Amino acid sequence: MEHKSLPSISQPDKIGCSLPPLEVPPSKLPPKELLRQELGLPEVSEGELVRYFTSLSKFNYGVDTGFYPLGSCTMKYNPKWHEEVAKLPGFTSVHPYQPIDSVQGALRLMSELQELLTEITGMAATSLAPMAGSQGELANILMVKAYHQSRGDKIRQKILLPDSAHGTNPATSAMCGFKAVTIPSNDKGNLDIKSLKSMMNEEVAALALTIPTTLALFDPQIAEISQLVHERGGLLFGDGANLNSLLGRVKFGDLGFDCVQLNLHKTFSTPHGGGGPGSGPVCVKPILTDFLPSPSVTKNRGKYIFTSSTKTIGSLGAAYGNFGVMIKAYAYIRSLGAEGLKEVSENAVINANYLKEKLKAYYYLPYDRTCLHEVVFSGKRQKAKGIRTLDIAKRLLDYGFHPPTIYFPLVVEEAIMIEPTETESKETLDAFIDAMKKIAKEAEENPEILHTAPHNTPIRRLDEATAARKLDLRW
Ligand SMILES: *Cc1c(COP(=O)(O)O)cnc(C)c1O
């Protein structure tokens, strides 16, 4: 059905609500010069208004309406009952500064979540204070800095990062006063060890590494990398934003990492995106526990209390982090248990590899090896025929799918980064594979249909440049 804009259904003197006569004297209007003459408010009836907003709401696409394979963002189904749990009055009606004796349950949840995340990552201690993945990175790099300074080591000015790193990694390093230095990846998508050997010296504070890499690969050289970094006094910083391929199987601590941040709003049952609340706990080895952001929750003579590490980098926000997100993460971990978490990683990896195998005859696969929770293709085969990856993404909308992440990671030309997640069924994956195959065929036989896609959506192809520069979010 065609969606009509509000101005087009507006008619003078139509009324959407009626107010009772005033029972109090009307208050004075502001001075005339502050009043606008023409507000141009639409005039519609109540029923029309309800229909207008209801039809708008149906254009919204999310994981609850369909497949949403946005790589690097983990748009997975998160159990609805975790939202219910987070809404329990005992959780929503507590105040951050009410007497500690009256919020022992909330503190216990935080304390147990700290322990669970410490165990999951194989570290020594966890702070739940950071409120985003990037803030967790900030906390980690500040701890790295504080650690070196506390040892009187002041010449370490650099953070090394692979070229596939998430943009927040170099940004965080720079914010903390470090120079971000890029290490190239090799043709297998792993860190180039030769380059690391030549670049790792006493000026390097830490190597920041994402596991799985942003190409969704496991770097099998990790033990050697860890040794090379530690031999020269550096620390190994892990970006663990996307943990759903490792849960219950691989621990950052065992791989040699000194600190890692997690994204509870990607892996642990809080939807990611749209600027909603996040939580980016940091988990550290014993050498960094003194520097943890404050507060932490500890148990002292049977009572939970907030404490601060001796050389803490300080607090990261007004109170204790995003408590609502912590509740959902706790519910997720406790309801799945160790075996359930293992199943998560198993299914995440199997689903991504299933897509990889089924689609690699149709789209160029730059790194043809087992991937982890997502798979990165390149649209370069189609590009040779004048089709951009953007065209493929737009055409997917016509087939009823949210497009995958495109043009990221930057190291892959015309990248198409697909994350199926652990929660999708084989039927859904097959339907997506089917659509991708049809698009590959259309690219050969009818490229025009791709250039002009989408055809079935309420809004057709946007002018990307204008949309980015003159953002207009109103209908
Ligand atoms: C999402 C993500 C981040 C940043 O997390 P935010 O919560 O958006 O700040 C950092 N690193 C990687 C690898 C990510 O995928």
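Residues numbered from 1 in each chain as written. Predicted model: local features only at pLDDT ≥ 70, side-chain atom pairs only at ≥ 80, totals over all residues. Heavy atoms only, no water.

1. Concerning the pattern of salt bridges
- By the definition in use, this model includes 26 salt bridges.
- Note that Lys328 and Glu83 form a salt bridge whose closest N and O atoms lie 3.3 Å from each other. Of the two residues, Lys328 sits in helix α11 (residues 323–359) while Glu83 sits in helix α3 (residues 80–86), which places them 245 residues apart along the sequence.
- Its relative accessible area of 8% is what places Lys328 among the buried residues.
- Taking the shortest distance from any N to any O, the salt bridge between Asp430 and Lys426 comes out at 3.0 Å. (Salt bridge = Lys/Arg side-chain N within 4 Å of Asp/Glu carboxyl O. Helix = DSSP H or I, 4+ residues; strand = E, 2+ residues; numbered from the N terminus. Buried < 20%, exposed > 50% of the residue type's maximum accessible area, 1.4 Å probe, protein only.)

2. Thoughts on the packing of helix α6 (residues 133–150) against helix α7 (residues 168–175)
- Between α6 and α7, whose axes approach to 9 Å, the crossing angle comes to 45°. On the basis of the axis angle, α6 is oblique to α7. Remark: the crossing between α6 and α7 carries right-handed chirality. Contacts between α6 and α7 involve Ser134, Glu137, Leu138 and Ile141 from the first element and Thr168, Asn169, Thr172, Ser173 and Met175 from the second.
- Looking at the contact of α6 with α7, its residues break down into three nonpolar, five polar and one charged. (Axes fitted to C-alpha atoms, helices over the stretch in contact; angles between N-to-C directions. Parallel < 35°, antiparallel > 145°, perpendicular 65-115°, else oblique. Left-handed = near helix turned anticlockwise from the far one by under 90°. Contact = heavy atoms within 4.5 Å. Nonpolar A, V, L, I, M, F, W, Y, C, P; charged D, E, K, R; others polar.)

3. Regarding the site of the ligand
- As a matter of local geometry, the ligand sits amid 15 residues, with Gly133, Ser134, Asp239, His265 and Lys266 nearest to it.
- Measuring from an oxygen atom of the ligand, one finds a backbone N or O atom of Gly133 at 2.8 Å.
- Asn242 has a polar side-chain atom sitting 3.0 Å from an oxygen atom of the ligand.
- Contact with the protein chains hides 89% of the accessible area of the ligand, taken as 390 Å² for the molecule alone.
- Among the secondary structure elements, those contributing two or more residues to the shell around the ligand are α6 and α10 (264–267).
- Among the elements that make up the shell around the ligand, the one with the highest residue count is α6 (three residues). (Near = heavy atom within 4 Å. Polar contact = N/O pair within 3.5 Å; in protein donor to acceptor, adjacent residues only side chain to side chain. Areas by Shrake-Rupley, 256 points an atom, 1.4 Å probe, with all protein chains shown as cover.)

4. A short note on the pairing of strand β6 (residues 259–262)
- Residues of β6 alternate between two faces, with Cys259 and Gln261 on one and Val260 and Leu262 on the opposite face, all of them buried.
- Of the strand pairs in this sheet, strand β5 (residues 235–240) and β6 are connected by four bridges, and their pairing is parallel. Opposite Gly238, over in β6, you have Val260 as the bridge partner.
- Two strands pair when backbone bridges link them, and β6 and strand β7 (residues 282–284) are joined in this way by three bridges, in the antiparallel orientation. (Pairing = 2+ DSSP bridges.)

5. Describing the layout of surface pockets
- Of the voids in this model, the largest pocket is the one considered here, and its volume is about 1400 Å³.
- If you trace the largest pocket, you find 37 residues lining it, with Lys394, Leu397, Ile459, Arg460 and Leu462 closest to the centre.
- For the lining of the largest pocket, the secondary-structure elements that each account for two or more residues are α13 (389–398), β11 (405–406) and α16 (464–469).
- Split by residue class, the lining of the largest pocket holds 21 nonpolar, eight polar and eight charged. (1 Å grid on protein atoms, 1.4 Å probe; cavity = no way out; pocket = protein on both sides within 12 Å on 5 of 7 lines; lining within 4 Å. Points joined across faces, edges and corners; volume = space filled by probe spheres on them.)

6. A look at the nonpolar core
- Ranked by size, the top nonpolar core spans 55 residues in total, and within it Leu113, Leu117, Leu196, Leu207, Ile225, Phe257 and Phe268 carry the most contacts.
- Residue assignment for this core shows that the elements contributing at least two residues are α3, α5 (104–121), β3 (179–183), α8 (193–199), β4 (204–210), α9 (222–231), β6 and α11.
- Among the nonpolar cores identified, the runner-up in size contains 32 residues, and Phe67, Leu359, Ile387 and Ile433 belong to it. (Core = buried A, V, L, I, M, F, W, Y, C linked by side-chain atoms within 4.5 Å.)

7. Considerations on the packing of α11 against helix α14 (residues 426–445)
- It is at 10 Å that the axes of α11 and α14 come closest, and there the two elements cross at 30°. Considering the angle they form, α11 stands roughly parallel to α14. As for how α11 packs across α14, the hand of that crossing is right-handed. Of α14, the residues touching α11 (which contributes Asn351, Tyr354, Leu355, Lys358 and Leu359) are Lys426, Leu429, Asp430, Phe432, Ile433, Met436 and Lys437.
- Across the contact of α11 with α14, the residue classes break down as seven nonpolar, one polar and four charged.

Everything listed is a geometric property; what it means functionally is a separate question.
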